[in-house]
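Close look at the chain arrangement
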Amino acid sequence: QVQLVESGGGLVQAGGSLRLSCAASGRIFSINAMGWYRQAPGNERELVAVITSGGIRNYADSTKSRFTISRDNAKNTVYLQMNSLQPEDTATYYCNADIKIFSWARSKDYWGKGTLVTVSS
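The following paragraphs examine the structure supplied in this document. Because the structure is a prediction, the values reported are computed rather than measured. (Residues numbered from 1 in each chain as written. Predicted model: local features only at pLDDT ≥ 70, side-chain atom pairs only at ≥ 80, totals over all residues. Heavy atoms only, no water.)

**What about the packing of aromatic side chains?**
Tallying each qualifying case throughout the model produces two aromatic pairs. Ring centres 5.0 Å apart and planes at 65° place the aromatic pair Tyr 37 and Trp 111 in the edge-to-face group. One end of the pair, Tyr 37, is in strand β4 (residues 30-39); the other, Trp 111, is in strand β10 (residues 108-111), and 74 residues separate them in sequence. Assessed through its relative accessible area of 23%, Tyr 37 is described here as partly exposed. (Phe/Tyr/Trp six-rings, centres within 6.5 Å; stacked < 30°, edge-to-face > 60°. Helix = DSSP H or I, 4+ residues; strand = E, 2+ residues; numbered from the N terminus. Buried < 20%, exposed > 50% of the residue type's maximum accessible area, 1.4 Å probe, protein only.)

Structure, rendered in structure tokens:
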């Protein structure tokens with residue numbers, strides 16, 4: 001089947017940077033949009049950024065000036081460069097991808113298990 005594996009989370013001081021990566025593997029025919037979501041304790045999961053297969057990007061208002069999403073289609077990998085991190089960015093960050101596993105199949109949403117980002121003040 002399909003797996004999404006995130007990496008790059010950790011502890012960083014306010015004002016610092018982190019780069020998250022998410023690699024999709026398994027039976028993959030094509031990947032449409034890929035994105036990052038986050039969930040802080042007690043909060044609902046929210047969109048951080050998303051990028052289409054053609055490179056069109058969309059960001060949450062709270063991240064658009066500080067975060068950059070990119071992808072390497074040849075590697076089935078999406079990245080999130082996070083700069084000027086603030087304590088309110090502390091959350092578990094989840095990778096999401098809309099994937100077709102056969103040419104004739106409908107695409108389906110897949111999720112990674114998440115990577116924790118902690119920003120200290």
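Back to the write-up after that little detour.
**Considerations on the sheet that holds strand β7 (residues 67-72)**
With antiparallel pairing, four strands are arranged side by side in an open sheet as β1-β3-β8-β7. Two strands bound the open sheet, and with one partner strand each, they are β1 (2-7) and β7. In this sheet, adjacent strand axes meet at a mean angle of 15° when their direction is disregarded. Pairing of strand β3 (residues 18-26) with strand β8 (residues 77-82), which is carried by six bridges, proceeds in the antiparallel orientation. Across the sheet, residue Cys 22 finds its bridge partner in β8, namely Val 78. (Pairing = 2+ DSSP bridges. Axes fitted to C-alpha atoms, helices over the stretch in contact; angles between N-to-C directions.)

**Focus: the nonpolar core**
Ranked by internal contacts, the top residues of the largest apolar core, which has 29 residues, are Trp 36, Leu 80, Met 82, Tyr 93 and Ile 99. Among the elements of the structure, β1, β3, β4, β5 (46-51), β7, β8, β9 (91-100) and β11 (115-120) are those that each provide at least two residues to this core. Per-element tally for this core: the top contributor is β9, with five residues. Apart from the residues lying within four places of it in its own chain, the contact partners of Ile 99 are Val 2, Leu 4, Ala 24, Ile 28, Ser 30, Ile 31, Arg 106, Ser 107, Lys 108 and Tyr 110. (Core = buried A, V, L, I, M, F, W, Y, C linked by side-chain atoms within 4.5 Å. Contact = heavy atoms within 4.5 Å.)

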